[in-house]
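Secondary and tertiary structure notes
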Amino acid sequence: MVKSGNPAASDPLLSDVRARTDRFIGHVRYASDPETVCAANSHPFQALGVTLAHNGTFYGKIGAEGDDRKVSDTVVFLELLENRWTERTLEGLSETLRGVLSDRELVGEYSAANLLIAAGDDLFAFRRYRRNGEYYTLYLNSGDGVAVVASEPLDADPGWRLLADGELVELSQGAPRSVLLTVPA
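A short tour of the structure in this document, coming up. Computed from a prediction, not measured in an experiment: that's the story for all the values here. Residue numbers restart at each chain and count upward from 1, following the sequence in its written direction. This being a predicted model, a pLDDT of at least 70 is required before a residue's local features are given, and a value of 80 or more before pairs of side-chain atoms are given or counted; all residues contribute to the totals for chains, interfaces and linings. In computing side-chain values, all of the structure's heavy atoms are included and hydrogens and water are not.

A word on the overall build of the protein
Secondary structure elements are taken from DSSP: a helix is a run of H or I of four residues or more, a strand is a run of E of two residues or more, and numbering for both begins at the N terminus. Broken down by element type, the protein carries 5 helices and 9 strands. For the protein, the succession of helices and strands along the chain, N to C, is α-β-β-α-α-α-α-β-β-β-β-β-β-β. Only protein chains enter the accessibility calculation, which uses a 1.4 Å probe; a residue is then buried when its area is under 20% of its type maximum, exposed when over 50%, and partly exposed in between. For the protein, the proportion of its 185 residues judged to be buried stands at 41%. To be clear on the numbers: accessible area is Shrake-Rupley with a 1.4 Å probe, and residue cover counts the displayed protein chains and nothing else. Surface accessibility of the protein: about 10,400 Å² in total, with carbon and sulfur atoms responsible for 51%.

Comments concerning the nonpolar core
Note on soluble globular proteins: their nonpolar side chains tend to be buried together. If you look at the biggest cluster of nonpolar residues, it comprises 30 residues, and the most contacted ones within it are Phe77, Leu97, Leu101 and Ile117. Only strand S1 (45-47), strand S2 (50-55), helix H3 (73-84), helix H4 (90-101), helix H5 (104-107), strand S3 (114-119) and strand S4 (122-127) provide two or more residues apiece to this core. Take this core: its biggest share by element is 6 residues, from H3. We call a set of buried residues a nonpolar core when its members are Ala, Val, Leu, Ile, Met, Phe, Trp, Tyr or Cys and they connect through side-chain atoms within 4.5 Å of each other. Residues Leu140, Val149, Val169 and Leu171 belong to the second largest nonpolar core, which totals 11 residues.

Things to note about the packing of H3 against H4
In this analysis, axes come from line fits to C-alpha atoms, helices being fitted only over the stretch in contact, and the angle between any two N-to-C directions falls in the range 0 to 180 degrees. Put simply, H3 and H4 touch, their axes get as near as 10 Å, and they point 130° apart. Of the possible angle classes, the one that applies to H3 and H4 is oblique. The two elements H3 and H4 cross, and the hand of that crossing is right-handed. Where H3 abuts H4, its residues Phe77, Leu80, Leu81 and Arg84 lie against Leu93, Thr96, Leu97, Val100 and Leu101. Classes in brief: Ala, Val, Leu, Ile, Met, Phe, Trp, Tyr, Cys and Pro nonpolar; Asp, Glu, Lys and Arg charged; the others, Gly included, polar. Looking at side-chain class alone, the contact of H3 with H4 contains 7 nonpolar, 1 polar and 1 charged residues. To sort the angles, those under 35 degrees are grouped as roughly parallel, those over 145 as roughly antiparallel, those from 65 to 115 as roughly perpendicular, and the leftovers as oblique. Two helices that cross are described as forming a left-handed crossing if the nearer one is turned anticlockwise from the farther one by less than a right angle, and a right-handed crossing if clockwise. Between two residues, a contact is recorded if the distance between any of their heavy atoms is within 4.5 Å.

Points about the packing of aromatic side chains
Only Phe, Tyr and Trp rings take part, Trp by its six-membered ring, and two of them pair if their centres are within 6.5 Å. Stacked means planes under 30 degrees apart, edge-to-face means over 60, and tilted covers everything else. For the structure shown, the criterion picks out 4 aromatic pairs. With centroids separated by 4.5 Å and ring planes inclined at 10°, the aromatic side chains of phenylalanine 58 and phenylalanine 77 adopt a geometry described as stacked. With phenylalanine 58 in the loop between S2 and helix H2 (60-69) and phenylalanine 77 in helix H3, this residue pair connects regions lying 19 residues apart in the sequence. For phenylalanine 58, a relative accessible area of 2% corresponds to the buried category. Judged by centre distance (5.7 Å) and plane angle (75°), the ring pair of tryptophan 85 and phenylalanine 124 falls under edge-to-face. Separated by 39 residues along the polypeptide, tryptophan 85 in the loop between H3 and H4 and phenylalanine 124 in strand S4 bring together distant segments of the chain. One aromatic cluster is present, built from ring pairs that chain together Phe58, Phe77 and Tyr110. Working rule: Lys NZ or Arg CZ, within 6 Å of ring centre, within 35 degrees of ring normal, means a charge sits over the ring. The aromatic ring of tryptophan 85 is capped on one face by arginine 88, whose charged end is 4.9 Å from the ring centroid.

Notes on H2
Within H2 the residues assigned to the buried category are Ile62, Gly63 and Gly66. In an axial view of H2, the angular spread of the buried residues amounts to 95°, which keeps them on one side of the axis. Within H2, the exposed residues directed more than 90 degrees away from the buried face are Asp67 and Asp68. Those residues of H2 hidden inside the fold are in contact with H3 and H5. Positive phi shows up at lysine 70, right after H2, with a value of about 60°. Of all possible arcs, the one meant is that of the directions from the helix axis to the C-beta atoms.

Some points on the environment of arginine 88
On the secondary structure map, arginine 88 appears in the loop between H3 and H4. In sequence terms arginine 88 and alanine 119 are 31 residues apart; their C-alpha atoms lie 7.6 Å from each other. Once residues within four sequence positions are removed from consideration, arginine 88 is found in contact with Val50, Glu82, Ala119 and Asp122. Distance and chemistry together define a polar contact, namely a pair of N or O atoms within 3.5 Å, with one atom able to donate a hydrogen and the other to accept it when in protein, and with adjacent residues in sequence counting only for side-chain atoms on both sides. One polar contact links arginine 88 to glutamate 82, side chain to side chain, over a distance of 3.2 Å. Only 2.7 Å separates the side chain of arginine 88 from the backbone oxygen of tryptophan 85, close enough to count as a polar contact.

Some thoughts on the pairing of S3
Two faces belong to every sheet, and in a regular strand the side chains alternate between them. Of all 6 residues that make up S3, 6 are buried, and the element is covered over most of its length. A two-sided burial pattern is seen for S3, the buried positions comprising Asn114, Leu116 and Ala118 on one face and Leu115, Ile117 and Ala119 on the other. When S2 meets S3, the two strands line up antiparallel, connected through 6 bridges. Bridge pairing in S3 places asparagine 55 opposite asparagine 114. Only strands joined by at least two bridges in the DSSP assignment are considered to pair.

It is worth stressing that arrangement in space is one thing and function is another; only the former is reported here.
Right, here's the structure in full:
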């Protein structure tokens, strides 16, 4: 895993990355708090076999614990997710996310839970926003055994489609499967 707190466009670590893989999580975005930018706070994060990249901010107990521990709210969310996600399937993840995101005490009035999640050979994408849906976007393009999710279309291919609010996609070999989660606003 390559992590850096430097701008992607000028980071020599990024330009030096060479890999062959059938799964990849990249997370390049502006930091919520520029004063906390460093490699340790860079996404994705890993905990006990689960890798997570997140765009958005959690408040509630998750945000408070992150502040107390001086770690990203995403780290706290990941630890909670890893602990509660016992059935490592699309259905199990759907149930776990629905439960966690419905708990206002845990997540508060979070801005978004746009997530890229890897566990074992499985890769998932989830789009959920509470505000500013034009900013918190995830697009899917799939075909010919390849599925790509990005915060904006990466090229002019007409196959890009915006994930629905609450859509969880399993990016499997072949055609992606998705479910729509109903999570209270």
